[in-house]
Amino acid sequence: FGKRVLVTRPRRQAAAMIEQLIDLGAVPYVVAAIEIREIADWTPVDEAIQALAQYDWLVFTSANGVTAFLDRIEKLGLDLRVLGHLRLAAIGPKTAEALRDYHLRADVVPARFQSEDLATELALHIRPGQRVLLARADRGRELLREELAKICAVEQVAVYSQIDAMDVDDNVMDALRRGEIEFVTLTSSNIARSILERLDATCRRRIERGELKLVSISPVTSAEVQRLGFTVAAEAKQATTEGVIGA
């Protein structure tokens, strides 16, 4: 493999991807384009947890959401029995795996791992009149909520916060400018925007000449890359980190 690859995931989530790249003989560089933080106000989440009996479905769009929401249940002095009546949905295999870490199994996981696909799959299962709780980040697309709202009552709560990383490793940025890195992996629209908006003219020219290649996790992320004026060199066939590495 022998490629020099920039991993831009949050640091606590980057380890598995870095390990896979090293196993393939790649040389990974790391800069966290976004950070995952605890939300400032847990009140809406706590109220949603106390009202779980009113819901029929609990939907997660990330592994971070699973961890934050389920850990909050325990901090409130409750346990997973409060979920006993709910059906669970996960946007993809990593989110479903996070549920399994709590001995929970997702009832719905779409074949493709995007909001559009999760909305389509859920539409086959949710009955009119049912209520859905969507646990997600404090920023991101509203598509899933909007699509589900066409068929049922939907409420969403932010269970964790995403912020653009404040500290960018100058050594990594210098390596980008010098041409020491060949690929930049982009595993979400927010990550794409955060990292690409920081690139200077030298890095932009390298991308234009094809010396620095952008690899996207999904069509949605690719669309954001293109909106920012860049070209996607490769796109994952499946919206997973393994798919990005394959691309």
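Not measured: the values here are computed from a predicted model. (Residues numbered from 1 in each chain as written. Predicted model: local features only at pLDDT ≥ 70, side-chain atom pairs only at ≥ 80, totals over all residues. Heavy atoms only, no water.)

1. Describing the overall build of the protein chain
Under the convention used in this document: Put simply, DSSP H or I for four residues or longer makes a helix, DSSP E for two residues or longer makes a strand, and each gets a number counted from the N terminus. Every radius of gyration here is taken over C-alpha atoms, with the globule rule written as 2.2 Å times N^0.38, N being the number of residues. A simple rule labels every residue: compare its accessible area, found with a 1.4 Å probe on the protein chains alone, to the largest value its type can have, and call it buried under 20%, exposed over 50%, or partly exposed in between. Contacts between residues were defined by any pair of non-hydrogen atoms, one from each residue, lying within 4.5 Å. Residue exposure ignores everything except the shown protein chains as possible cover, and the areas themselves are Shrake-Rupley values with a 1.4 Å probe. His is not counted here, nor are the chain ends, while Lys and Arg score as positive and Asp and Glu score as negative. Where a charge lies is defined by one atom per residue type: Lys uses NZ, Arg uses CZ, Asp uses CG and Glu uses CD.
For the protein chain, the count of helices and strands is 11 helices and 10 strands. For a compact globule of 247 residues, the expected C-alpha radius of gyration is about 18 Å, and the protein chain comes in at 19 Å, within 12% of that figure. Overall, the protein chain is about 55 × 35 × 30 Å in size when its C-alpha atoms are taken along their principal axes. Taken across its 247 residues, the protein chain has 49% of its residues classed as buried. Residue pairs at least 24 apart in sequence account for 65% of intrachain contacts in the protein chain once pairs closer than 6 positions are excluded. When the accessible surface of the protein chain is totalled, it reaches about 12000 Å², and 47% of it is carbon and sulfur. Taking the 32 positively charged and 36 negatively charged side chains of the protein chain as two groups, their mean positions are separated by 4 Å.

2. Structural notes on the sheet that holds strand β1 (residues 4-7)
Note the following rule: What makes two strands pair is DSSP finding at least two bridges between them. All axes are obtained by fitting lines to C-alpha atoms, using only the stretch in contact for helices, and the reported angles, taken between N-to-C directions, cover 0 to 180 degrees.
Spatially, the 5 strands line up as an open sheet ordered β2-β1-β8-β9-β10, and their pairing is parallel. Of all strands in the sheet, those bounded by a partner on one side alone are β2 (27-30) and β10 (234-235). Alignment of β1 against strand β8 (residues 183-186), held across 2 bridges, turns out to be parallel. Within the sheet, the bridge partner assigned to Leu6 lies in β8 and is Val184. Against the sheet, helix α10 (residues 219-227) touches β8, β9 (213-216) and β10, its axis set at about 145° to β9.

3. With respect to the packing of aromatic side chains
What counts is decided by this rule: Each pair of aromatic rings taken from Phe, Tyr and Trp, with Trp reduced to its six-membered ring, is defined by centres within 6.5 Å and is described as stacked if the planes are under 30 degrees apart, edge-to-face if over 60, and tilted in the remaining cases. By definition, being over a ring means that NZ of Lys or CZ of Arg is both within 6 Å of the ring centre and within 35 degrees of the ring normal.
Scanning the model with the defined rule gives 1 aromatic pair in all. Where Phe60 meets Phe69, the ring centres are 5.9 Å apart and the plane angle is 70°; that geometry is what we call edge-to-face. With respect to class, Phe60 is no different from Phe69; both count as buried. Geometry around Tyr55 places Arg131 over its ring, the cationic atom sitting 4.7 Å from the centre. Just above the ring of Phe183 sits the side chain of Lys213; from NZ or CZ to the centre is 5.9 Å.

4. What about helix α9 (residues 201-208)?
Basically, it comes down to this: Arc, as used here, means the arc of the directions from the helix axis to the C-beta atoms. What qualifies as a polar contact is a pair of N or O atoms within 3.5 Å, subject to a donor-acceptor requirement within protein and to the restriction that residues adjacent in sequence count only when both atoms come from side chains.
Taken as a whole, α9 has its buried residues at Cys203, Arg206 and Ile207. Down the axis of α9, the buried set is contained in an arc of 100°. They therefore lie on one face. Buried positions along α9 lie against α7 (170-178) and β9. Here α9 starts with a cap whose side-chain oxygen sits 3.2 Å from the backbone nitrogen of Thr202, and that cap is Asp200. Note on α9: the residue one or two positions beyond its end, Gly210, has a positive phi of about 80°.

Worth remembering: the numbers are spatial, not functional.
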